Amino acid sequence: MKTTGAKLLRTLLERQGIHTIPGIPGGAILPFYDALHGSAIRHVLARHEQGAGFIAQGMARATGRAAVCLATSGPGATNLLTAIADARLDSVPLVAITGQVSQCLIGTDAFQEVDTYGLTLPITKHNFLVRSASELLETVPLAFQMAESGRPGPVVIDVPKDVQIAEVDVREWPEPGRATAAAPCPDSGIEELALRLSAARRPVLYIGGGVISSGAADLACALAHRLSAPTVCTLMALGAMPPSDPLYMGMLGMHAAQGTNLLLEEADLLLAIGSRFDDRATGRVADFCPKASVAHIDIDRAEIGKIRRPFLGLIGDAADVLRRLLDRLSAQARPEWRARAVELRKAHPLRHPPRAEEPLHPVNLCRFLGEALPDDAILTTDVGQHQMWVAQAYPVRRPRGLLTSGGLGTMGFGLPAAIGAALAEPGRRVACVSGDGSILMNIQELATLAELGLPVAVLVFNNAQLGLVRQQQELFYRGRYEASHFGSTPDFAALARSFGIRGERLDPCGDPLADLAAILASPGPCVIDIPIHEGANVLPMVPPGAANRNMIVETATASSHA
Ligand SMILES: Cc1ncc(C[n+]2csc(CCOP(=O)(O)OP(=O)(O)O)c2C)c(N)n1
């Protein structure tokens, strides 16, 4: 069958099961856009390529399956870079397809020519510059296989315009690219781990995003109960264990509850599962879990011993390792250790004013959201104080219930990721908690949201500042506030309405939570501007570079309610 490179690419994506692609067209990718005309694939026109990248990420994070985004050469490709780097750090399966100038122009500083291959080399799992139309037959399935296999991540396919136009004869279609199973780790390692866990007196499970990627959340919870092991989660793993679980100790690290970090000080065995000992989780590494020997399960060999040398590293898929581990473990009660975890949790609750006194305190707001949103809602966040308040106080009840930019910490993630989640999971309520700084970084995607009419509620925690920067300046730079206060902020409700979206501002003097519930109950997109106290801090906080035991739990300023 004779076809063109562009049509071939379209068919290969259709065969992959891709039904939605966010992107923005331009000269070097126009032959492919032409091929999309009349296809079953729905193109979602984003308003900025970074938005397109994060819409695709929202789809991938919500489902666990690779999603595709599309951009033209030059500025289109460079606008995608942040979303690609973000996917790399959070292990998100993303296939970014970029147009490139024709091969005869590569290296001539042609119009909108940029070395996409070179630029994306350090931020992708793999990248391709396609040299001929027939090469697509191999490249496209391979790109999906690589994005989804092992530790997931982003793959770039850069397709020169002449490759899209070229004619090609297709004799046989390749199988779609699918995740390949990781090699199982040897039984001997699992047996040793079972023995060490049984012998431990104070074991703790330290769960990371890899547990969610591998679909191993239920198994991790079963292991926690089999061992009576209190369990801490990284930001990326929130939702792996229901917050109501008696063994759940919440997020560890920089903004953990005090009791969580203190419990880790006492652990004698730490089992890390799909977590990478990120500095926000460990604090000063030399002081992290000082009494514990560490065992580490990870699908990525490079993570074992990267930060903390374990006595045992098991390389494999978390679900497979945990299943086999559970087969070798009998139930253990550890009543004293369980009681100690409860005691520490009770002794150090999150400090915040009562709801009746300050309903719009961010901790109260996040707890309220947990009550007002349906159980299967998906919450996205941007980056800043609001993100950490969500992590501390919003009850994430299921895996993939919270989508947030963890590793790169990208302001501007929340709104497009929420659009992607709503596209991928129709019928589910999606809410984005943002800050008045972050929301402006991809505000143009309100136009995309208006066009799609998706059930996305954007809640702007408005403190008229770059709050997390202001907090660090207050705590670590002696209150010298440089570039953290906005001289002017837009009227977010009016701004939303100008995009054709419902816009509201909560009135703190009335019954703002009842108003919030009423707004959330009506379907359709909306932006809710929520005035919060400008001096509120996210506490506890471990100073950057300090040991996790050195948490700041109170600040002197009268306004710092947390
Ligand atoms: C793209 C990007 N630029 C800069 C930063 C650094 N940064 C981290 S948090 C923050 C402030 C965020 O302000 P806002 O969105 O209003 O949230 P708040 O902290 O007030 O809740 C900044 C500037 C970042 N994370 N991402």
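Everything here concerns the structure above.
Residues numbered from 1 in each chain as written. Predicted model: local features only at pLDDT ≥ 70, side-chain atom pairs only at ≥ 80, totals over all residues. Heavy atoms only, no water.

### Topic: the overall build of the protein chain
So, point 1. The number of helices and strands found in the protein chain is 21 helices and 20 strands.
So, point 2. Relative to its length of 562 residues, the protein chain is compact, with a C-alpha radius of gyration of 24 Å against a globular reference of 24 Å.
So, point 3. On the principal axes, the C-alpha backbone points of the protein chain span a range of 70 × 65 × 40 Å.
So, point 4. Relative to its 562 residues, the protein chain shows a buried fraction of 59%.
So, point 5. Restricting to contacts in the protein chain with at least 6 residues of sequence separation, those with at least 24 account for 75%.
So, point 6. Only carbon and sulfur atoms are counted for the fraction: they give 53% of the accessible area of the protein chain, which is about 21300 Å². (Helix = DSSP H or I, 4+ residues; strand = E, 2+ residues; numbered from the N terminus. Rg over C-alpha atoms; globule rule 2.2 N^0.38 Å. Buried < 20%, exposed > 50% of the residue type's maximum accessible area, 1.4 Å probe, protein only. Contact = heavy atoms within 4.5 Å. Areas by Shrake-Rupley, 256 points an atom, 1.4 Å probe, with all protein chains shown as cover.)

### A look at helix 14 (residues 335-347)
So, point 1. In this model, helix 14 (13 residues) spans 18 Å end to end at C-alpha, consistent with the 18 Å of a helix rising 1.5 Å per residue.
So, point 2. Those residues of helix 14 that fall on the buried side of the exposure criterion are Trp337, Ala341 and Leu344. The buried residues of helix 14 occupy an angular sector of 70 degrees when projected down its axis, which confines them to one face. Turned more than 90 degrees off the buried face of helix 14, the exposed positions are Pro335, Glu336, Lys346 and Ala347.
So, point 3. The secondary structure elements touched by the buried residues of helix 14 are strand 9 (203-207), strand 11 (248-251) and helix 11 (258-266). (Expected span 1.5 Å × (residues − 1). Arc of directions from axis to C-beta.)

### What about the sheet that holds strand 12 (residues 269-273)?
So, point 1. Across the sheet, six strands lie side by side as 11-10-9-12-13-14; this open sheet has parallel pairing. In this open sheet, the two strands that pair with only one neighbour each are strand 11 and strand 14 (312-315). Neighbouring strand axes in the sheet, compared pairwise and without regard to direction, differ in orientation by 15 degrees on average.
So, point 2. As defined by bridge partners, strand 12 adjoins strand 13 (residues 293-298) across five bridges and the pair is classed as parallel. Paired with alanine 272 across the bridge in strand 13 is histidine 296.
So, point 3. Contacting strand 12, strand 13 and strand 14, helix 8 (residues 187-199) crosses the sheet at an angle of about 135 degrees to strand 14. (Pairing = 2+ DSSP bridges. Axes fitted to C-alpha atoms, helices over the stretch in contact; angles between N-to-C directions.)

### Focus on the packing of helix 11 against helix 14
So, point 1. Their axes nearest at 9 Å, the elements helix 11 and helix 14 cross at an angle of 150 degrees. When the interaxial angle is binned, helix 11 and helix 14 end up roughly antiparallel. As for how helix 11 packs across helix 14, the hand of that crossing is right-handed. On helix 14, the residues touching Gly259, Leu262, Leu263 and Glu266 of helix 11 are Trp337, Arg340, Ala341 and Leu344.
So, point 2. Here the contact of helix 11 with helix 14 is composed, by residue class, of five nonpolar, one polar and two charged. (Parallel < 35°, antiparallel > 145°, perpendicular 65-115°, else oblique. Left-handed = near helix turned anticlockwise from the far one by under 90°. Nonpolar A, V, L, I, M, F, W, Y, C, P; charged D, E, K, R; others polar.)

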